[in-house]
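Observations on the model geometry
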Amino acid sequence: MTAVEIAADVRAGRRSARDVLEQHLAAIDARESEIHAFNLVLADEARAAADAIDASDDKGPLAGVPIAIKDNMCTRGIPTTCSSRILEGWKPPYDATVVQRLHEAGGVIVGKTNLDEFAMGSSTENSAFGPTRNPHDPTRVPGGSSGGSSAAVAAGFAPVALGSETGGSVRQPASLCGVVGVKPTYGLVSRYGLVAFASSLDQIGPLGTDVRDCALLLEIVGGHDVLDSTSIPAAVPPLLDGLDDSVAGLGIGVIEEMTDRDGVEPAVRDAVRAAAAALEAAGAHVAPVSVPSSEYGISAYYLIAPAEASSNLARYDGVRYGLRVDGDDVAAMNARTRDAGFGDEVKRRIMLGTYALSAGYYDAYYGQAQRVRTLIIRDFERAYQQFDVLLAPTSPTVAFEIGAKTNDPWAMYLCDVCTVPVNLTGHAAISVPYGTGDFGLPVGVQVLAPPLGEPVMFRVARAIEERAPRAG
Amino acid sequence: MPERITRAEVEHVARLARLALREDEIESLTSQLGSILDHVAQVSALDTRDVPPTAHPLPLVNVLRPDVVRPTLPRDEVLAAAPDAEDGRFRVPRILGEAP
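Overview of the structure. Starting from 1, residues in each chain are numbered consecutively following that chain's sequence as written. Just so you know, chain letters begin at A and ligand numbers begin at 1, following the order they were written in. In keeping with the predicted nature of the model, local features appear solely for residues at pLDDT of at least 70, side-chain atom pairs appear and are counted solely at 80 or more, and the whole-chain, interface and lining totals rest on all residues.

What follows covers helix α2 (residues 17-35) of chain A. Residue and element names in this part refer to chain A. Its 19 residues place the ends of α2 25 Å apart at the C-alpha level, agreeing with the 27 Å of an ideal helix rising 1.5 Å per residue. Values of bend correspond, residue by residue, to the angle between axes fitted over the seven residues ending at that residue and the seven starting there. Comment: elements are numbered from the N terminus, with helices defined as DSSP H or I runs of at least four residues and strands as E runs of at least two. D29 marks the point of greatest bend in α2, at about 40°. Buried means a residue has 20 or more other C-beta atoms within 10 Å of its own C-beta, exposed means 12 or fewer, and partly exposed covers the counts in between; C-beta atoms are placed from the backbone. Residues A17, V20, L21, H24, L25, I28 and I35 constitute the buried set of α2. Buried residues in α2 make contact with α1 (3-12), β1 (38-41), α3 (43-55), β2 (66-70), β3 (108-113) and α5 (147-154). Phi turns positive one or two residues past the end of α2, at H36, with a value near 55°. Any helix carries an expected span of 1.5 Å times its number of residues minus one. Once C-beta atoms have been placed from the backbone, residue pairs whose C-beta atoms lie within 7 Å are recorded as contacts.

So, in structure tokens, the structure goes:
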């Protein structure tokens, strides 16, 4: 059942929230030991929440919908680890704004999901608590960094989940797990209580089994929040209204640089072309479009994101929360705590970012990356003068085997090549499953939209979903 | 573009980043960072004269809240999450070279 159906049934009294929850907890019991989607399953808390909804007269728009939350969003009194030893056991003294909004809407949080440590990775293998496995083939990765949330939805542990994106960490795992994943316009969803990675890029986004559920979830968690000064001072535009409207007459550009680039599997390229053809048959105007500077997105991203991360992660110093490893003085305690608490990928990015910001290199690396970011924004703005939305692959490949890329950081970084440009521009994008590729594994197609273009983006995504071949 | 990163630079950056890296970590990071920097140096291929930098995708500036007193996090709860606290404050090892 979808979240929309569950909420309708619970509100109408056809089913109890508790019954819905028990069904999902049974699915978790049956397969979680194999998949490891969760760092923590909140069965007792979820049962109490479900019972409270059943007893309430005002059940809310998400009444009784089980939701999985990425473990980098703060939950009051409940451990929030970012899959890092440095935060193991830490219990936040407050809820993230998105968590509070889910509670108010009648959602039932079933657990905190696994991620690459501090959301740094594309496979959920960089977790201090072990990898998550892809429900379609447990020898393969679910993608990352929101791999736990994606796997939880794909395995039926929850109909919807929240993930977070800095360079594609919702869309890429959604693609690899055969679910829908959204990266909203920068600033549309409050980040109060989202543990910071790279603040000019980070954004929370929904995952679900279908486009409509993601639209529902985004309507609920999005909108202005006074507690986040980078939050857009506006409400979420209506997404469910008009979702099924025709796409006839819309202009849709297929991004040549992403679709035709080396490393994109033929089946992935074919899926993008087939989705474009299906939209054309539905009356949309489809044409190729060039976004030349997007080629430089991955290089600019792997300077900007580590630079911001090196600054944000300075707060893990063994003083205020989490791990402390003793030393003779504060500096030694800081350095020993950080070496013991952070995993290899996090250290790699802190080092890369600190280097890119250091005297003598700042302008050649970080400064140049920021100027390239401007060029990428200009190229996309030009494309949106011609087209309503753009199409591209989400991930160049289907899910790869666990361990396949762990010894080659750059090969892992290239997983994000089609997703990072949207994080750099601050625009919106969604990944929708479209059939299967190599080994019968799911393939995702990406719909990109200009800032606050979510209504048309969801409408096109829904049209693609309706026309997609059924995954095996 | 700058020269390839050296082992001495890795040790310097680790000090700036407050990371007490082990010998094997310094070794592997020197080669990995060199290889990653070779790739990201691609950004220098674009002509960016007269292009302003983008630090942030939103044109929001000077976001202020009303000057009204609001509750803050309870001090006891915050301190309870710290590795060490004393007298309502975070406790840390000595900072300067004074006698303990």
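Resuming the write-up.
Okay, helix α11 (residues 330-341) of chain A next. For α11(A), which comprises twelve residues, the first-to-last C-alpha distance of 16 Å matches the rise-based estimate of 16 Å (1.5 Å per residue) to within 8%. Of all the residues in α11(A), the buried ones are M333(A), N334(A), A335(A), R336(A), T337(A), R338(A) and G341(A).

Moving on: the nonpolar core. All names here are of chain A. As used throughout, a nonpolar core is a set of buried Ala, Val, Leu, Ile, Met, Phe, Trp, Tyr and Cys residues joined through C-beta atoms within 7 Å of each other. Grouped together as the largest cluster of nonpolar side chains are 174 residues, with contacts concentrated most on I67, L279, L303, L391, V447 and V460. It is helix α10 (residues 297-312) that provides the largest number of residues to this core, a total of nine residues. Beyond its immediate stretch of four places on either side in the chain, V460 contacts V247, L250, I252, L279, V389 and V447.

Cis geometry marks the peptide bond from G144(A) to S145(A), where omega comes out at 10°. With respect to the helices and strands, S145(A) occurs in the loop between β3 and α5. One non-glycine residue with positive phi stands out, namely C82(A), at about 55°. Positionally, C82(A) belongs in the loop between β2 and α4 (97-104). Within the chain, D50(B) stands out as a residue other than glycine whose phi angle is a positive 65°. For D50(B), the location among the structural elements is in the loop between α2 (23-40) and α3 (75-80).

Residue and element names in this part refer to chain A. Being paired, for any two strands, means DSSP has found at least two bridges between them. Taking strand neighbours across the sheet as the criterion, the eleven strands line up as β1-β3-β2-β4-β6-β5-β10-β11-β9-β7-β8 in an open arrangement whose pairing is mixed. Among the strands making up the open sheet, the edge pair consists of β1 and β8 (285-289). Neighbour-to-neighbour, the strand axes of the sheet open up by a mean angle of 25°, direction not taken into account. Of the strand pairs in this sheet, strand β4 (residues 160-165) and strand β6 (residues 203-208) are connected by six bridges, and their pairing is antiparallel. Bridging across to β6, G163 finds its partner in G205. Helix axes use the C-alpha atoms of the stretch in contact, all axes being lines fitted to C-alpha atoms, and the angles between their N-to-C directions lie in the range 0 to 180 degrees. Packed on one face of the sheet, α5 meets β1, β2, β3, β4, β5 (180-183) and β6 and runs near 155° to β4. Most of the contacts of helix α7 (residues 211-221) go to β6, to which it runs at about 145°, and overall it touches β4, β5, β6 and β10 (428-436).

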